[in-house]
Protein chains: 2
Amino acid sequence: MNKHKYRLVETLVIKDPRGNLTVGNFGVDVPFDPKRYFIIYQVPLVDIRGEHAHKECHQFLLCLRGSVVAVADDGVQREEFQLNRPDCGLYMPPMTWGTQYKYSPDALLLVFASHLYDSSDYIRDYAEFISLTNRF
Amino acid sequence: MNKHKYRLVETLVIKDPRGNLTVGNFGVDVPFDPKRYFIIYQVPLVDIRGEHAHKECHQFLLCLRGSVVAVADDGVQREEFQLNRPDCGLYMPPMTWGTQYKYSPDALLLVFASHLYDSSDYIRDYAEFISLTNRF
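Residues numbered from 1 in each chain as written. Chains lettered and ligands numbered in written order. Predicted model: local features only at pLDDT ≥ 70, side-chain atom pairs only at ≥ 80, totals over all residues. Heavy atoms only, no water.

(A) View of unusual backbone geometry. All names here are of chain A. For Gln42, which is not a glycine, the phi torsion comes out positive at approximately 55°. Inspection of the secondary structure assignment puts Gln42 in the loop between β4 (36-41) and β5 (49-54). The exposed category is assigned to Gln42, whose relative accessible area is 54%. (Helix = DSSP H or I, 4+ residues; strand = E, 2+ residues; numbered from the N terminus. Buried < 20%, exposed > 50% of the residue type's maximum accessible area, 1.4 Å probe, protein only.)

The following block contains the structure:
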């Protein structure tokens, strides 16, 4: 496994008559220590989000309700993932071009980020992204 | 404000025609760096969870969907909180007796914890909790 490549991560589920629980450890299941989280909700069905990469920031995406399609692209390979379970997240290392679309009306997306918000960390132009991936 | 007391924390909301987003920074909105998260879902309506305190572990509770009533008790004061928004969490410092109940059928509770799981960090007896709070 290439640790620098995007990948799905399954987390431990504890099923119980008192309710289900899934747990993820930072630095282990989520392979970084987060500086922030954000939650995306009430997204119109037609919308496309993302369409950028980060130079330094790692992200981990969990769709806790409903579903969303996440596309990850490392400049060499592009894959689509249907995210629809609280116990399976998508790890996106830095220099991964990410796009999310086909949000179901009830979708709830939780994202952990390794860095605080920094507009200079974003790459918003795909051609620039591709030219930068060749340097890494 | 007593920084060692349980309290509600409102997080920034960015409303947008492309969907809503709420963001929390660790060490700021969530006043610790988490070592793990867990997600509780599909809880029967009648169930009561929690009913324990932690000696060292800080927790932060967010109800992302549906609602749940969280009771926080620091040994001096006890308060009930209706959690039902992704942009308002309950911070529970160590030595807070916590109970959650009245889960709505669709409730989804996200919890951040400052420590990895450690069974020796739990206080499960209320009388013991009260006797220990007197030492702090």
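Okay, back to it.
(B) Structural context of helix α1 (residues 126-133) of chain A. Residue and element names in this part refer to chain A. Every buried residue of α1 is listed here: Phe129, Leu132 and Thr133. Along the axis of α1, the buried positions cluster into a sector of 100°, meaning they face one direction only. Where α1 is buried, its residues touch β5, β7 (68-73), β10 (97-101) and β12 (122-123). Among the residues of α1, the N-terminal cap falls to Asp125, whose side-chain oxygen and the backbone nitrogen of Ala127 are separated by 3.3 Å. (Arc of directions from axis to C-beta. Contact = heavy atoms within 4.5 Å. Polar contact = N/O pair within 3.5 Å; in protein donor to acceptor, adjacent residues only side chain to side chain.)

(C) How the structure looks around the interface of chain A and chain B. Taken together, the contact between chain A and chain B spans 36 residues of the former and 36 residues of the latter. When chain A packs against chain B, close to 3,200 Å² is buried across both sides, 57% of that on carbon and sulfur atoms. Taken as a group, Arg18(A), Tyr37(A) and Tyr41(A) account for 22% of the area that chain A buries against chain B, more than any other trio of residues on that side. Where chain A touches chain B, the interface holds zero salt bridges. For the interface between chain A and chain B, the tally reads 10 residue pairs in polar contact (both at pLDDT 80 or more). For the side of chain A that touches chain B, the secondary structure elements donating two or more residues are β3 (20-25), β4, β6 (59-65) and β11 (108-113) of chain A. Among the residues making up the side of chain A that touches chain B, the classes are represented as 23 nonpolar, seven polar and six charged. (Buried area = accessible area lost by both parts, 1.4 Å probe. Salt bridge = Lys/Arg side-chain N within 4 Å of Asp/Glu carboxyl O. Nonpolar A, V, L, I, M, F, W, Y, C, P; charged D, E, K, R; others polar.)

(D) Geometry of the sheet that holds strand β1 (residues 7-10) of chain A. In space, the seven strands of this open sheet follow the order β1(A)-β9(A)-β6(A)-β11(A)-β4(A)-β3(B)-β2(B), with antiparallel pairing throughout. For this open sheet the edge positions go to β1 of chain A together with β2 (12-14) of chain B, each flanked by a neighbour on one side alone. The mean angle between the axes of side-by-side strands here comes to 25°, regardless of whether they run parallel or antiparallel. In the sheet, β2(B) pairs with strand β3 (residues 20-25) of chain B via three bridges, with the strands oriented antiparallel. Across the sheet, the residue bridging to Leu12(B) is Val23(B), located in β3(B). (Pairing = 2+ DSSP bridges. Axes fitted to C-alpha atoms, helices over the stretch in contact; angles between N-to-C directions.)

Honestly, that's just the spatial picture; any functional story needs more than this.
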